[in-house]
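# Architecture at a glance
Each chain, letter by letter, is given below.
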Amino acid sequence: MSGSAGNVVQARDIQGPVHIHAPPPPPARHGEAVPWQLPTDVRGFVNRSAEQQAMHHLLAEQACGPQILVLTGTAGVGKTSLALHWAHAVREQFPGGQLYANLHGYDPQEPTAPAQVLERFLRALDVPAAAIPSDLEALASSYRSLVAGRRMLIVLDNASRAAQVRPLLPGAPGCLVVVTSRHRLPGLGVREGARHLTLEVLAEHDAVELLRTVTSDYRSEDDPAELVQLARLCARLPLALRIAAERAAGRPRMLLDDLIQDLRDESSLWDALSSEDEEESGAVRSVFAWSYRALPPDAARLFRMLGLHPTGEFSAAAAAALVATGVRPARRLLDGLVANHMVEQTGADRFRFHDLLRAYAVDQARGEQEPQESERAVRRVLAWYLHTADAAQARAAPHEPRVPLTLLEPDVEPAAFDDEASAIRWFETERENLAAAVRTGAALGLDGYVHRLATVLRAFYMVRNHFQDWFDTSRLGLDAARREGDRHAQAELHESLGMAYTQSGRPDQAVDQYQAALAFRRELGDPAGEALTLNGLGLLWLRRRRLTDAQEAFERAAALFRALEDTYWEPHTAVNLAETEAALGRLTEAERLVRAGLEAFRERADRWAEGNALRVLSLIQLAGGRAAEALDSAQRAVDLALDLVSAVAEGYWLTQLGHVQRAVGRPADALTSYHRAAVLQHGLGDRSREAQAWDGTGRAYLDLGRPQEATGFHRRAAAVHRELGDRWQAANALCHLAAALESGEDPGTVQQYRREALTLLDEFTDPAAVRLRGRLTATLGTDA
C-alpha cells in the first residue's frame, strides 16, 4: 500500500488489494456541514498548464471580496473539464467545502433558476428545509450569511448570463467562484471585479496527445501525421477529439486513414453551411454527425429521442420509455452510446448529455422524424414518470389521495418499489426530472400529465419540504387543471398549495388555498375530499392556536368521515379534535376522544398513530394533575417512535416527555429529552417545534438553578417565534425569559418582556391564555 500519511486503513484481516482512490475531505469546523459536490474528475486530462498556472496565481492573490474567475471559450473547448480538473487539484485548500451547480445556460431546456440553485446550496449547507426561504432575495441573503467566514470553492458551470450568476456569489472574502460560459459575461468584470480567462483550442501537439491518451491501449501503430490530420479535422476541440478518439479506439483494426476519410466526407457536408467564423462549431457538428451516422439504427433512434427527455440526465428506464422498449435493451443501447462518447455514464443507472450533444440530438429528432413521433415519445416518458411516481406514492403514502392514471403503451413499464425507503430514494434521485417533467408538459400543452403529476408529487413534497419545486409544480398543475376544466384536480392542487404555505410559514396564504379547495369539494359533492381539506385546515388553526376555528373544522371533518364510514381517517380526526378540546380546557371530552382513537389504532396495529395519540393523552393527563400517568403515556409514545425509527415522531413526542419529566421533578432527564428533540427538529426543518424544544431546554436549566444558560435558550426561542409570527408561542417564551432574568437583569428589561408578552396575548381567549394573561397582569400591576 502506498500513499500519504492520511491514506491509512486499519483492519484485523485484509483479503485482496487495498486501493486508495482519493484523499478524505478536510475536517469541518465544529457544527458545520462541509459539502463535497464536485463531479468526478476528467479521465485523461491533457495539458492546459498555462491556464492552470494562471488559475493558481489568482488563488494566491489577496482580495477584499470573493474572487471570481470566468472561464470563457467556444462550445466544446473544454471549459468544464478544466474547471473540474483544477478544482479537484486544489480542493484541499478549501476546508469549507465545494459547491457545484450546472446552470444549463445553453441547454434546450430552460436554464436553472438562481432560486433553485440556492435552495440546493442551502440544503447542502445543512439548512433545515422549513428554514429555507422561498423568495430569491431572502435565499441569497441566507446563502451569503452561511458562507461568510468560510473558505469555499464554488463552481458555476454553463452560465449564459450574468444575472444567473450574481445571486450565487458570496458577499465576503475567502471564497473562490469559478464560472464557465461561452460568453465573457463582461458585467461580472465591471461590477464584481471578475477575472476572465479565455480558453483557445488545444495546441496541435496537445490535441495529438489527447488522441493518443484515449487510443493508446487499442491502437499503437497509428501514423503521427495521420493523428495530426485527425486533430485538425476536429478543430483541436477537446470534445470533438474525445468523440473521434473513442470511435477510433472502438475500431482497432480499421486503418486510421479510412476513419479520417469518413470524417472528411462528413465535414464536406457542413462546408456549404458554415462561414469562416463558424469553423470550430462546424468541426464539432461534423464529428457529431460522423459518430451519429455510424450508430446502428436503434441506437441512433435512442440518441435522438434522448434529446426530448425533460433534462439532460436520465435513467435507463426513462430512456426505455422514450423508445418504448424494455430496460435491458435500452441499457445495451446506452452502453453503446457511452462507448462512443455520445452520452456519459455518471452512476450505476445515471446517464447525462453534454449540452452540445443534447442540442444535436434535438436537431436530429426535428429533422429525421415526424412531430407526431416526437410528441408520442414525450407522452411516453411523461406517462412513465407519472406511473412510477404513483407506484412510489403507493409505498410511501398509501392513504394520500390517488389520481386517475393515463393508459401506458404496451412496452412502457413503470418502476416498482419494495418498500417506503426505496420509493423515497427514487423520488430524491429523480426530483429534478420530476419537476422538469411538469414544466415540459406545461410548455407542450399536455395538461393531463401536468396536473396529475403535480398532484402525486405532493405526497413527497409534504414530507421533504422542497418548497421551490412544490410551489412551481403545484401552480403549473393548477393552471393546467383550469385549462382542462378539471375541478377535482383544482381542488387537490389548491389543497397542495395550502399545505405548502402552511409548512413554509405563510398561514394567511394557506387559508386562502384551503378555502378555495373547500369550495371545489362542496361544489363537486365530494364529502371525502371535503373532510380531508377540513382536517388540514383544522391542523393549521391548531398550530396558530385559533382553537374555536380548529374545533369547528375537526368536528365537521369527523362528521363527514363517520357518514362515509371511513374507519381510517375518522380516528385521526378524533385525536386532532381531542388535542383541541384539551387546549380549550375540556379534559373529559378530550380523553374520551383520544382513548377511542387509541383503541382503533391498536386494533389495526397503526403504531405511528398510536404513539401520537399517547402524546395527546399525556398532555391531557398532565393538564389534569395526573403527572405519573402522563409520564407513562409519554414514555410509551417515545418508545414507539424509537421502534419505528421515526425522527419525525421522536422529535415531536420527546418534547412532551420533557414537559412531564419537569413536572415530576426530573429536570436533568427533561434536559436530555429537550436537547434530543431540538437536534431532531433542526434536521427535519421544523423551526417552530425546534424553538419549542429550546424553550423547554431553558425551563429545565432554570429548574437546575442555571438561569444564565436558560436565558440564552429562551431568547433564541422567542426570536424564532416572533419571526414566524406565532404570537402564542412567542408570548410563552418571553414569559419564561423574564422568569430566567429576574435574578440578575435590570427589572425594567424584565417587565418590558412581560408587557410584550401581554400584548401578544390580546387575541387569545382560551382558558390557558386567560390564566397566563392574569398572571402577567398581576405581576405588572396593571389591568388586563
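Please read all numbers here as calculations on a predicted model, not as lab measurements.

### Structural notes on the overall build of the protein chain
Secondary structure assignment for the protein chain yields 35 helices and eight strands. Compactness check: the protein chain gives a C-alpha radius of gyration of 31 Å against a globular reference of 28 Å for 784 residues, within 12% of the reference. Counting every position in the protein chain, which comprises 784 residues, the buried fraction comes to 54%. A separation threshold of at least 6 residues defines the contact pool for the protein chain, and within that pool the share at least 24 residues apart is 68%. Positive and negative side-chain charges of the protein chain, numbering 86 and 105 respectively, have mean locations separated by a distance of 3 Å.

### Observations concerning the pairing of strand E7 (residues 344-347)
Note: E7 against strand E8 (residues 350-352), three bridges, orientation antiparallel. Looking across to E8, one finds that Gly-347 is bridged to Arg-350. The antiparallel pairing of E7 with E8 creates a hairpin that spans two residues between the two strands.

### Some points on the environment of Asp-447
Here Asp-447 shows up in helix H19 (residues 447-464). It is 7.5 Å that separates the C-alpha atoms of Asp-447 and Arg-483, two residues lying 36 residues apart in sequence. Among residues more than four places away in sequence, those in contact with Asp-447 are Ala-480, Arg-483 and Glu-484.

### Details of the sheet that holds strand E6 (residues 313-314)
Spatially, the three strands line up as an open sheet ordered E6-E8-E7, and their pairing is antiparallel. In the strand order of this sheet, the two ends are held by E6 and E7, each with one partner. With two bridges joining them, E6 and E8 adopt antiparallel strand pairing. The residue of E8 that forms the bridge with Glu-313 is Arg-352.

### A few points about the packing of helix H18 (residues 431-444) against H19
Between two packed helices, both the angle of their axes relative to each other and the distance between the axes serve to describe the pair. Running from N to C, H18 and H19 cross one another at 160°; their axes reach a closest spacing of 9 Å. As summarised for this structure, H18 and H19 are arranged roughly antiparallel, according to the angle between their axes. Note on packing geometry: the crossing formed by H18 with H19 is left-handed. Packed against H18, whose contacting residues are Leu-434, Ala-435, Ala-437, Val-438, Gly-441 and Ala-442, the element H19 presents Val-450, Leu-453, Ala-454, Leu-457 and Tyr-461 at the interface.

### A few points about unusual backbone geometry
Positive phi, normally seen in glycine, also occurs at Arg-236, with a value near 55°. Relative to the helices and strands, Arg-236 is located in the loop between helix H8 (224-233) and helix H9 (238-249). The backbone of Ala-605 shows a phi angle near 55°, a positive value even though the residue is not glycine. Positionally, Ala-605 belongs in the loop between helix H26 (587-603) and helix H27 (607-623).

### A word on a negative patch on the surface
Taken together, the side chains of Asp-257, Asp-258, Asp-262 and Asp-265 present a region of like negative charge at the surface. Relative to the elements of secondary structure, Asp-262 occurs in helix H10 (residues 256-271). For Asp-262, a relative accessible area of 30% gives the class partly exposed.

### Topic: the nonpolar core
Membership of the largest hydrophobic core comes to 211 residues, with the highest contact counts inside it found for Leu-71, Leu-153, Phe-303, Leu-306, Leu-334, Leu-337 and Trp-426. For this core, the element with the highest residue contribution is helix H16 (residues 371-396), accounting for eleven residues. With sequence-adjacent residues up to four places away left out, Leu-153 is seen in contact with Trp-86, Ala-87, Val-90, Phe-94, Gly-97, Gln-98, Leu-99, Leu-176 and Val-178. By size, the runner-up hydrophobic cluster in this structure holds 31 residues, among which are Ile-68, Ala-162, Leu-168 and Val-177.

### Digging into a nonpolar patch on the surface
Side chains of Trp-608, Leu-644 and Val-648 sit close together on the surface and give an oily, nonpolar patch of about 240 Å² of accessible area. You can see Val-648 is positioned in helix H29 (residues 647-663).

### Observations regarding the pattern of salt bridges
All told, the structure shown has 51 salt bridges when counted by the stated rule. Across the salt bridge formed by Asp-447 and Arg-483, the nearest N and O atoms sit 2.8 Å from each other. With Asp-447 in helix H19 and Arg-483 in helix H20 (residues 467-484), this residue pair connects regions lying 36 residues apart in the sequence. Assessed through its relative accessible area of 51%, Arg-483 is described here as exposed. The salt bridge involving Glu-610 is made with Arg-602; its shortest N-O contact spans 3.0 Å. Relative accessible area serves as the criterion here: at 40%, Arg-602 is assigned to the partly exposed category. One network of salt bridges, in which partners are shared, links Glu-119, Arg-123, Arg-431, Arg-439, Asp-469 and Asp-472.

### Structural notes on the sheet that holds strand E2 (residues 98-102)
Read across the open sheet, the five strands follow the order E2-E3-E4-E1-E5; overall the sheet is parallel. In this open sheet, the two edge strands, each paired with only one partner strand, are E2 and strand E5 (195-198). Geometrically, the sheet is characterised by an average inter-axis angle of 15° between neighbouring strands, direction not taken into account. Two elements, strand E3 (residues 153-157) and strand E4 (residues 176-181), share four bridges in a ladder whose sense is parallel. What sits directly across from Val-155, in E4, is Val-178. Relative to the sheet, helix H2 (residues 79-90) contacts strand E1 (67-72), E2, E3 and E4, its axis offset from that of E4 by approximately 160°.

### Details of the environment of Val-450
Here Val-450 lies in helix H19. Between the alpha carbons of Val-450 and Val-228 there is a distance of 51 Å; along the sequence they are 222 residues apart. In contact with Val-450, other than residues within four places in its own chain, are Val-438, Gly-441, Ala-442, Leu-476, Gly-477 and Ala-480.

### Topic: the environment of Leu-227
Along the chain, Leu-227 turns up in helix H8. For Leu-227, a relative accessible area of 4% puts it in the buried group. Residues contacting Leu-227, with those up to four places away along its chain left out, are Val-208, Leu-211, Arg-212, Asp-222 and Leu-256.

### Considerations on the packing of aromatic side chains
Describing an aromatic ring pair means giving the distance of the ring centres and the angle of the ring planes. Scanning all chains against the criterion turns up 22 aromatic pairs. For the ring pair Phe-427 and Tyr-461, a centre distance of 5.6 Å and an interplane angle of 70° mean the geometry is edge-to-face. Linking Phe-427 in helix H17 (residues 420-429) with Tyr-461 in helix H19, this pair joins segments that are 34 residues apart in sequence. Three or more aromatic residues link up through ring pairs in this structure, and these residues are Phe-288, Tyr-292, Phe-303, Phe-314, Phe-351, Phe-353 and Tyr-360. The ring of Trp-541 has Arg-546 sitting right over it, with the charged end atom 3.8 Å from the ring centre. Sitting above the plane of the Trp-694 ring, Arg-716 keeps its charged end 4.0 Å from the centroid.

### Some remarks on the confidence of the model for the protein chain
Mean pLDDT over the protein chain works out to 88, with 92% of the residues at or above the 70 mark. Overall, residues 1-31 carries pLDDT values under 50, and its contacts beyond four positions in sequence, including any with other chains, amount to 20 contacts. The low-confidence segment residues 269-277, where pLDDT is below 50, has seven contacts with residues more than four positions distant or belonging to other chains.

The rules behind the values
- Every chain is numbered on its own, with residues counted from 1 as its sequence reads.
- Only residues with pLDDT of at least 70 are given local features in this predicted model, and only at 80 or more are side-chain atom pairs given and counted; all residues enter the totals for whole chains, interfaces and linings.
- Excluded from the side-chain calculations are hydrogens and water; all other atoms, namely the structure's heavy atoms, are used.
- Under the DSSP-based scheme used, a helix requires at least four consecutive residues in state H or I and a strand at least two consecutive residues in state E, with every element numbered from the N terminus.
- The globule rule used for comparison is 2.2 Å times the number of residues to the exponent 0.38, while the radius of gyration itself is calculated over C-alpha atoms.
- Remark: exposure states derive from per-residue accessible area (1.4 Å probe, protein chains only) relative to the maximum for the residue type, with buried under 20%, exposed over 50%, and partly exposed in between.
- Contacts are assigned to residue pairs that have any heavy atoms within 4.5 Å of one another.
- Counted as positive: Lys and Arg. Counted as negative: Asp and Glu, with His and the chain ends omitted from the count.
- Lys charges are placed at NZ, Arg charges at CZ, Asp charges at CG and Glu charges at CD.
- The criterion for strand pairing is that DSSP finds at least two bridges linking the strands in question.
- Each axis is a line fitted through C-alpha atoms, taken for helices only over the stretch in contact, and angles between the N-to-C directions span 0 to 180 degrees.
- Angles are sorted into four bins: roughly parallel if under 35 degrees, roughly antiparallel if over 145, roughly perpendicular if 65 to 115, and oblique for all others.
- Helix crossings are classified by the rotation of the near helix relative to the far one: an anticlockwise turn of less than a right angle makes the crossing left-handed, while a clockwise turn makes it right-handed.
- Patch definition: residues above 30% relative accessible area lacking any salt bridge, with like charges linked at up to 9 Å and the nonpolar side chains Val, Leu, Ile, Met, Phe, Trp and Tyr linked at up to 5 Å.
- Using a 1.4 Å probe, accessible areas were evaluated by the Shrake-Rupley method; residue-level cover was limited to the displayed protein chains.
- Put simply, a salt bridge is a Lys or Arg side-chain nitrogen that is within 4 Å of an Asp or Glu carboxyl oxygen.
- We call a set of buried residues a nonpolar core when its members are Ala, Val, Leu, Ile, Met, Phe, Trp, Tyr or Cys and they connect through side-chain atoms within 4.5 Å of each other.
- For Phe, Tyr and Trp, rings pair up if their centres lie within 6.5 Å, where Trp contributes its six-membered ring, and each pair is then called stacked (planes under 30 degrees apart), edge-to-face (over 60) or tilted (otherwise).
- For a lysine, the NZ atom is tested; for an arginine, the CZ atom; a charge sits over a ring if that atom is within 6 Å of the ring centre and within 35 degrees of the ring normal.
- Confidence scores labelled pLDDT are given residue by residue by the predictor and lie between 0 and 100.

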